[in-house]
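Now for the letters of each chain:
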Amino acid sequence: MKKNLMYLLCCVLLVFTFGCGGKYDDAVDVQEDFISLAGDYVAAMDSADSADKVAAAMNDYAAGLEEMAPRVREINEKYPELKNPDQQPEQFRQTTKEHEAVMQKVGSSFMKAMPYMGDPKVQQAQQRITLAMQNMGGK
């Protein structure tokens, strides 16, 4: 009897673990998309050597942020518990670490724009990024 009960318990656990998909798969997908977008931006900024190229890289990043904003807001509303690191599932924690690492690179890449900040195109692109990031939080 105990063997049968243990077997049943193991089967139920396996079904919930592997058969149902992860509850937070959509959140992980959004985070992975953001990591990819930010990585592309960092690469574009690394190779930018003029105000036009910096502005283009920044505008591409801003466009990606604008496109992602509704998805990010949806995830934030759907899973408010993800803001608490103690409640995050392991897969989400891993992408959070990747997200934090790429955001450090994004921060450093803004330094690349500094010599070009006097250019109106770069200033407009910077404002666009700022607005797009604000919109991700849901006004």
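Because the structure is a prediction, the values reported are computed rather than measured.

Caption draft 1: Summary view of the packing of helix α3 (residues 51-78) against helix α4 (residues 90-113). Interhelical geometry of α3 versus α4 gives an angle of 145 degrees and a closest axis separation of 11 Å. By crossing handedness, the relation of α3 to α4 is classed as left-handed. Each of V54, M58 and Y61 in α3 lies in contact with α4, whose residues at this interface are M103, V106, F110 and A113. The class makeup of the residues in the contact of α3 with α4 is seven nonpolar, no polar and no charged.

Caption draft 2: Focus on the pattern of salt bridges. All chains considered together, the criterion is met by seven salt bridges. One salt bridge connects K121 with D52, and the closest N-O pair in it is separated by 2.6 Å. Residue K121 is found in helix α5 (residues 120-136), and its partner D52 is found in helix α3; the two are separated by 69 residues along the sequence. Owing to a relative accessible area of 41%, K121 belongs among the partly exposed residues under this scheme.

Caption draft 3: Geometry of the packing of helix α2 (residues 25-47) against α4. Across the interface, α2 lies against α4 with an axial gap of 9 Å and an inter-helix angle of 25 degrees. When the axes of α2 and α4 are compared, the pair comes out roughly parallel. Here α2 runs over α4; the crossing is left-handed. Classifying every residue of the contact of α2 with α4 gives 14 nonpolar, seven polar and six charged.

Caption draft 4: A look at the confidence of the model for the protein chain. Taken residue by residue, the protein chain gives an average pLDDT of 84. The fraction at 70 or more is 83%. Looking over the protein chain, one finds the lowest element-wise mean pLDDT in helix α1 (residues 2-19), namely 37, and the highest in α3, namely 96.

Caption draft 5: A look at the packing of aromatic side chains. Tallying each qualifying case throughout the model produces three aromatic pairs. Aromatic pair Y24 and Y79: ring centres 4.8 Å apart, planes at 65 degrees, arrangement edge-to-face. Of this pair, Y24 sits in the loop between α1 and α2 while Y79 sits in the loop between α3 and α4, placing them 55 residues apart in sequence. This pair shows no difference in class: Y24 is buried, exactly as Y79 is. Both rings, one in Y41 and one in F110, keep their centres 6.0 Å apart while their planes meet at 50 degrees; by these two values the pair is tilted. Here Y41, found in helix α2, pairs with F110, found in helix α4; they are 69 residues apart in sequence, far enough to count as distant. Classification of Y41 by relative accessible area gives buried; the value is 2%. Clustering of aromatic rings is evident, with ring pairs tying together Y41, Y61 and F110.

Caption draft 6: Focus on the nonpolar core. In terms of nonpolar packing, the biggest core is built from 36 residues, with Y41, M58, Y61 and L65 touching the most fellow members. Here this core takes twelve residues from α3, the largest share from any one element. If near-sequence neighbours (up to four positions away) are discounted, Y61 is found in contact with F34, L37, A38, Y41, M103, V106, I129 and M133.

Caption draft 7: α5, seen in detail. Taking 1.5 Å of rise per residue, 17 residues should cover 24 Å, and α5 covers 24 Å from first to last C-alpha, within 8% of that figure. Taken together, the buried positions of α5 are occupied by V122, A125, I129, A132 and M136. Each buried residue of α5 sits inside an arc of 85 degrees when the element is viewed along its axis, so together they form one side. In this structure, α5 carries P120, Q124 and Q127 as exposed residues pointing more than 90 degrees from its buried face. Looking at the buried positions of α5, the neighbouring elements they touch are α2, α3 and α4. The opening residue of α5 is D119, an N-cap whose side-chain oxygen sits 2.7 Å from the backbone nitrogen of K121.

Reading guide: rules and limits
- Residues numbered from 1 in each chain as written.
- Predicted model: local features only at pLDDT ≥ 70, side-chain atom pairs only at ≥ 80, totals over all residues.
- Heavy atoms only, no water.
- Axes fitted to C-alpha atoms, helices over the stretch in contact; angles between N-to-C directions.
- Helix = DSSP H or I, 4+ residues; strand = E, 2+ residues; numbered from the N terminus.
- Left-handed = near helix turned anticlockwise from the far one by under 90°.
- Contact = heavy atoms within 4.5 Å.
- Nonpolar A, V, L, I, M, F, W, Y, C, P; charged D, E, K, R; others polar.
- Salt bridge = Lys/Arg side-chain N within 4 Å of Asp/Glu carboxyl O.
- Buried < 20%, exposed > 50% of the residue type's maximum accessible area, 1.4 Å probe, protein only.
- Parallel < 35°, antiparallel > 145°, perpendicular 65-115°, else oblique.
- pLDDT = per-residue confidence, 0-100.
- Phe/Tyr/Trp six-rings, centres within 6.5 Å; stacked < 30°, edge-to-face > 60°.
- Core = buried A, V, L, I, M, F, W, Y, C linked by side-chain atoms within 4.5 Å.
- Expected span 1.5 Å × (residues − 1).
- Arc of directions from axis to C-beta.
- Polar contact = N/O pair within 3.5 Å; in protein donor to acceptor, adjacent residues only side chain to side chain.

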